[in-house]
Amino acid sequence: MDQLSLDSNYQMSSIKDFNKQIDSLCNNHDYAKLKDFLLSEKTIENISTDRQTQAYYYYLGVAYLQTDNNLDQAEYNFKLAFSSHDNSNVLNTLDRLILISMAAIYAKKNNEKKTLDYITQAFDKFTSTKFETNQIALFYLTAYANLILEKNLDAINWVNQGIDFAAKNDSHYMLANLYYLLAQLLNKTDKSNLALDPHNRAKIFTDLFNEKIFKLD
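This one's a predicted model, so the numbers in the text were calculated from it and none came from an experiment. (Residues numbered from 1 in each chain as written. Predicted model: local features only at pLDDT ≥ 70, side-chain atom pairs only at ≥ 80, totals over all residues. Heavy atoms only, no water.)

**Student:** Sorry, what's going on with the environment of Arg96 here?
**Tutor:** Take Arg96: it is sitting in helix α6 (residues 93-108). With relative accessibility at 2%, the residue Arg96 sits in the buried group. In this structure Arg96 touches Leu91, Gln121, Ala122, Phe123, Asp124, Lys125, Phe126, Thr129 and Leu138, once residues within four positions along its chain are discounted. (Helix = DSSP H or I, 4+ residues; strand = E, 2+ residues; numbered from the N terminus. Buried < 20%, exposed > 50% of the residue type's maximum accessible area, 1.4 Å probe, protein only. Contact = heavy atoms within 4.5 Å.)

**Student:** Would you mind going over helix α9 (residues 152-168) with me for this structure?
**Tutor:** Residues that lie three or four places apart on an α-helix share one face, since the helix turns once every 3.6 residues. An ideal rise of 1.5 Å per residue puts 24 Å on 17 residues; α9 measures up with 24 Å between its terminal C-alpha atoms. Tucked inside the fold, the buried residues of α9 contact α7 (112-122), α8 (136-148) and α10 (175-187). Asp170 sits one or two positions beyond α9 and adopts a positive phi of about 55°. (Expected span 1.5 Å × (residues − 1).)

**Student:** Can you help me understand the side chain of Lys35 in this one?
**Tutor:** Relative to the helices and strands, Lys35 resides in helix α2 (residues 31-39). The exposure class assigned to Lys35 is buried, which follows from its relative accessible area of 16%. Polar side-chain contacts of Lys35 include one of 2.9 Å to the side chain of Asp68. The residues touching Lys35, leaving out its near neighbours within four places in the chain, are Leu60, Ala63, Tyr64, Thr67 and Asp68. (Polar contact = N/O pair within 3.5 Å; in protein donor to acceptor, adjacent residues only side chain to side chain.)

**Student:** Looking at this model, I keep getting lost on the nonpolar core. Mind explaining?
**Tutor:** Grouped together as the largest cluster of nonpolar side chains are 64 residues, with contacts concentrated most on Leu38, Tyr58, Tyr59 and Phe123. Once residues lying within four places of it in the same chain are set aside, the contact partners of Phe123 are Arg96, Ile100, Leu138, Phe139, Thr142 and Trp158. (Core = buried A, V, L, I, M, F, W, Y, C linked by side-chain atoms within 4.5 Å.)

**Student:** I'm lost on the packing of α2 against helix α4 (residues 50-68) in this one. Help?
**Tutor:** The relative placement of two packed helices comes down to the angle between their axes together with the axis-to-axis distance. Where α2 meets α4, the axes come as close as 8 Å, and the angle between the chain directions of the two elements is 140°. Taken together, the axis directions place α2 and α4 in an arrangement best described as oblique. Crossing handedness for the pair α2 and α4: left-handed. Judged by residue contacts, Tyr31, Ala32, Leu34, Lys35, Leu38 and Leu39 of α2 engage Tyr56, Tyr59, Leu60, Val62, Ala63, Tyr64, Gln66, Thr67 and Asp68 from α4. A class-by-class count of the residues in the contact of α2 with α4 yields 11 nonpolar, 2 polar and 2 charged. (Axes fitted to C-alpha atoms, helices over the stretch in contact; angles between N-to-C directions. Parallel < 35°, antiparallel > 145°, perpendicular 65-115°, else oblique. Left-handed = near helix turned anticlockwise from the far one by under 90°. Nonpolar A, V, L, I, M, F, W, Y, C, P; charged D, E, K, R; others polar.)

**Student:** What am I meant to see in α2 here?
**Tutor:** Among all positions in α2, only Tyr31, Leu34, Lys35, Phe37 and Leu38 are buried. Projection of α2 onto a plane perpendicular to its axis shows the buried side chains occupying an angular sector of 165°, all on one side. In α2, the exposed positions angled more than 90 degrees off the buried face are occupied by Lys33 and Asp36. (Arc of directions from axis to C-beta.)

These results come straight from atomic positions and should not be treated as a statement about function.
This is the structure we're talking about:
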């Protein structure tokens, strides 16, 4: 979650230059500049639709989390983002990313019940949803939230589901990181002897697709 890059970022304005700026700042993890950019009056003036508003508050939540590690401000903006959804009966991928980000925040707050509640919400009716590459990040963030709560076996299960989901949809997005996280989790259990294979697979996908590995402490 601390350095996650989406496969494709969400448009925050009808002006292409604004969206390109978001892409650049997010992909380079320049969160201080991202927060300044989002809080500028010029940026706010160019947001016009519910979908753009949702993207705006999502990125602002990420920016607060990354620059200040401010869980409360991140939560506040993620809630604003979720409330900006234009159809409360159907969850889009950004809705689900917001919910799973909330789960990770509550894991950091050591609130297991709310973490699991948000995970359940994020995957509500997920099997009937049309595939988008960014959905793979949902499995990674769910595993990450479980890792924070030291629910390592549950985290392993979510990583494996993410790998299967990516393979089923012929995507390599996040595979290097999923395998790396799997290796780290196996090292934390009594199955450390199995960690070498996913570690090697992470390296292969990194070499093939130049995917940055998010190394965990």
